[in-house]
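Structural characterization, general
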Amino acid sequence: MAEDLLSMSPISDGPEFVPAYIKQEQEDIERIIQDDTLDEPAKIDAIAERRGWFRGSPTFIDAFLIGDIDAVTAAETLAKPIDASYSSADYGKALYNAEMTARTQRGYHSPEKALELWGPEEDIPKPGPETDSLPTTEGQLWELWYGVLHAAKRIPWTDTTQQTKLISLVQALQARPNPPLPHRTSVPLLRDWIWEPRSLWPDLVMLGPSLSEAWNDCCGCGAGWTQPEQHAYVNFNAFVARLVATGTKDFAVHGVWALRAALECAPASTAMHRGAPPLVQSRLLVAIAAIWVLIAGEGMWSKRPEGGEGAEEAVPPDRQVDLGAREKKLPWYNKRDGAMWCTARWRFWKGRFEQEADNEELGEETRGLARRAGEIIGGFLEGM
């Protein structure tokens, strides 16, 4: 059914050659879709395994979500082995590897600059083979955040209670005290992106990179266009928007990317791993963009340049932009300072949502979301 989209050429209405391994994947996905013994979260899990999505280990996260353990207990259970690795510099492995890297890097600089950047050379013993199987801090953080983000994909975006509960787990982790630094550190170790912030939990270290990787499991890239996969991507975006709305972590730029994809770009016709007709793409992307505004619109609006309308904006706020313009024809395209959140762009988004609200091809649900998003932005603009 929906997976038949994968056999369509992204640049024509006809079929294209599909390699055998892709055909096998399509057949496996179709069996999952047709399995009536699976609810949608289970189908998302099965598809994720078949597609090879980033998903981590959900055991303690699932136990928390169904109410077997509270947020503090779940956070303690998840964080304890990570703290142990962090405070031991991965049982000495990170300290040793950092010094080996530094010895190479020092050779590219003058002695004075090498000392400034990488510190003095140190004699750090190589840990024994008994540490080879012990987990690293970074590896465990990838696993943790992939698990949280995959759990979000399984929770319907309209289930505010459960999505908010998952947010509370992230906040419980964020509230934890920093584990002690290793008793022996070095300049190279403290340049590592795990130890450099010296704020493991308050900064939610590695959540951002994990989010970026999980973002690639979107429809058309790591995911196909079946209904469970589309729902998973919507749910994922809603969760990230809630991280922004609650002030847990500032990922508002991902909201801009969502609105840009839906309102400022034509549907992709090339460079997609898994193509879909333009209308299928638009229905999904417009819904996601609208959901971002519904959930995190206020937080995104607050990003406008300080001082209000016209303050250091890259585009004059009263500039009327053609609603038919796309990508390079938009005045903020490739601009930097003051462009991302400029008022003219918000006015454009409002107009585009209003257009999509009247687009009968999108379906009533998507049109309704677009209408509400346009009204919200209209309220922001009127309140300036």
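Here the residue numbers are simple positions, counted from 1 along each chain's written sequence. Local features in this predicted model are restricted to residues whose pLDDT is 70 or higher, and side-chain atom pairs enter the listing and the counts only when it is 80 or higher, whereas totals over whole chains, interfaces and linings include all residues. Note that water and hydrogens are dropped before the side-chain values are worked out from all heavy atoms of the structure.

**Description of the overall build of the chain**
Secondary structure elements follow DSSP: runs of H or I no shorter than four residues count as helices, runs of E no shorter than two count as strands, and numbering proceeds from the N terminus. On a plain count of helices and strands, the chain comes out with 14 helices and 0 strands. Secondary structure elements in the chain, listed N-terminal to C-terminal, are α-α-α-α-α-α-α-α-α-α-α-α-α-α. Only protein chains enter the calculation, and the probe is 1.4 Å; a residue is then buried if its accessible area is under 20% of its type maximum, exposed if over 50%, and partly exposed in between. Counting every position in the chain, which comprises 384 residues, the buried fraction comes to 48%. Carbon and sulfur atoms provide 51% of the accessible area of the chain, an area that totals close to 18,600 Å². Only four residue types enter the tally: Lys and Arg on the positive side, Asp and Glu on the negative side; His and the chain ends are excluded. Charge coordinates come from a single atom per side chain, which is NZ of Lys, CZ of Arg, CG of Asp or CD of Glu. Charged side chains of the chain number 39 positive and 57 negative; the gap between the two group centres comes to 3 Å. Per-residue and other accessible areas were derived by the Shrake-Rupley procedure at a 1.4 Å probe size, with only the shown protein chains allowed to occlude residues.

**A look at the pattern of salt bridges**
Any carboxyl oxygen of Asp or Glu that lies within 4 Å of a side-chain nitrogen of Lys or Arg is treated as forming a salt bridge with it. Enumeration over the complete set of coordinates arrives at 20 salt bridges. Between E229 and R51 there is a salt bridge, with its nearest N and O atoms 2.8 Å apart. Taken together, the residues span a long stretch of sequence, with E229 in helix α10 (residues 227-245) and R51 in helix α2 (residues 40-51) at a distance of 178 residues. Accessibility expressed as a relative area gives 1% for E229, which makes it buried. Between E99 and R106 there is a salt bridge, with the nearest N and O atoms lying 3.0 Å from each other. Connected through salt bridges with shared partners, the residues E25, R51, E229 and R274 form a single ionic network.

**Quick notes on helix α13 (residues 343-357)**
Expected span of a helix, by definition, is 1.5 Å for each gap between consecutive residues, and there is one gap fewer than residues. Between its first and last C-alpha, α13 extends 21 Å over 15 residues, near the 21 Å set by a 1.5 Å rise per residue. Counting buried positions over the 15 residues of α13 gives 11, a clear majority of the element. When we look at burial in α13, the residues that qualify are T343, A344, R345, W346, F348, W349, G351, R352, F353, E356 and A357. In what follows, residue pairs with any heavy atoms lying within 4.5 Å of each other are defined as contacts. Those residues of α13 that are buried lie in contact with α11 (252-264), α12 (278-301) and α14 (364-382).

**Observations concerning the packing of helix α9 (residues 207-215) against α10**
Put simply, α9 and α10 touch, their axes get as near as 12 Å, and they point 155° apart. In terms of orientation, α9 lies roughly antiparallel with respect to α10. The handedness of the crossing between α9 and α10 comes out as left-handed. Touching L211, A214 and W215 of α9 are Y233, F236, N237 and V240, all from α10. Grouping the amino acids of the contact of α9 with α10 by side-chain chemistry returns 6 nonpolar, 1 polar and no charged. Fitting a line to C-alpha atoms yields each axis, with helices limited to the stretch in contact; the angle taken between N-to-C directions then spans 0 to 180 degrees. Just so you know how the angles are binned, under 35 degrees is roughly parallel, over 145 roughly antiparallel, 65 to 115 roughly perpendicular, and the rest oblique. By convention, the crossing between two helices is left-handed when the near helix turns anticlockwise from the far helix through less than a right angle, and right-handed when the turn is clockwise. Each residue is assigned to one class: nonpolar for Ala, Val, Leu, Ile, Met, Phe, Trp, Tyr, Cys and Pro, charged for Asp, Glu, Lys and Arg, and polar for all the others, Gly among them.

**Observations concerning the nonpolar core**
Here, the term nonpolar core denotes a set of buried Ala, Val, Leu, Ile, Met, Phe, Trp, Tyr and Cys residues that are joined through side-chain atoms within 4.5 Å. L141, W145, L166, W292 and F353 are the most contacted members of the largest nonpolar core, which has 101 residues in total. Looking at which element gives the most residues to this core, the answer is α12, with 14 residues. Those residues in contact with L141 that sit more than four places away from it in its chain are I82, I194, L200, W201, V205, M206 and S210. By size, the runner-up hydrophobic cluster in this structure holds 9 residues, among which are I32, I33, I47 and W53.

**Examining the packing of aromatic side chains**
The criterion for an aromatic pair is that two Phe, Tyr or Trp rings (for Trp, the six-membered ring) have centres within 6.5 Å, with stacked assigned to planes under 30 degrees apart, edge-to-face to planes over 60 apart and tilted to the rest. Scanning the entire structure with this criterion turns up 13 aromatic pairs. Between W215 and Y233 the ring centres are 6.1 Å apart and the planes differ by 75°, which places this aromatic pair in the edge-to-face class. One end of the pair, W215, is in helix α9; the other, Y233, is in helix α10, and 18 residues separate them in sequence. Like W215, the residue Y233 is buried in the burial classification. Taken together, the ring pairs connect F54, W142, Y146 and W193 into an aromatic cluster. Lying over the aromatic face of F236, K153 brings its terminal NZ or CZ to 5.5 Å of the ring centre. Distance and angle both matter: a charge sits over a ring if NZ of Lys or CZ of Arg is within 6 Å of the ring centre and within 35 degrees of the ring normal. The cationic tip of R191 hangs over the ring face of W118; the distance from NZ or CZ to the ring centre is 4.0 Å.

**A look at empty space enclosed by the protein**
Detection works on a 1 Å grid of protein atoms alone, calling trapped sets that fit a 1.4 Å probe cavities and calling open sets with protein on both sides within 12 Å along at least five of seven lines pockets, with lining residues defined by an atom within 4 Å of a point. Grid points are joined across faces, edges and corners, and a volume is the space filled by probe spheres set on the points. Counting across every chain of the model gives 1 cavity of 30 Å³ or more. By volume, the largest cavity is sized at about 40 Å³. Considering the residues around the largest cavity, the lining is formed by W53, K153, D217, C218, C219, A223, E229, A232 and Y233. Residues that form the lining of the largest cavity fall into these classes: 6 nonpolar, no polar and 3 charged.

**Quick look at unusual backbone geometry**
Within the chain, A89 stands out as a residue other than glycine whose phi angle is a positive 50°. Residue position: A89 is located in the loop between α4 (71-87) and α5 (93-106). Of the residues examined, A89 reaches a relative accessible area of 1% and is grouped as buried. At M206, a position not held by glycine, the phi torsion is positive, near 80°. As for its placement among the helices and strands, M206 is situated in the loop between α8 (160-174) and α9.

**Regarding the packing of α4 against α8**
With their axes 9 Å apart at the nearest point, α4 and α8 run at an angle of 60° to one another. Here α8 runs oblique to α4, going by the angle between their axes. When the axes of α4 and α8 are compared, the crossing they make is right-handed. Residue-level contacts link A71, A74, A75, L78 and A79 of α4 to S168, L169, A172 and L173 of α8. Looking at side-chain class alone, the contact of α4 with α8 contains 8 nonpolar, 1 polar and no charged residues.

**Here we look at the side chain of K153**
Relative to the elements of secondary structure, K153 occurs in helix α7 (residues 137-153). One buried charged residue, K153, remains without a salt bridge, the closest side chain of opposite sign being D217 at 4.2 Å. Sequence-distant contacts of K153, defined by excluding residues within four places in its chain, comprise I44, W53, A214, D217, A232, N235 and F236.

Structural measurements only, silent on function.
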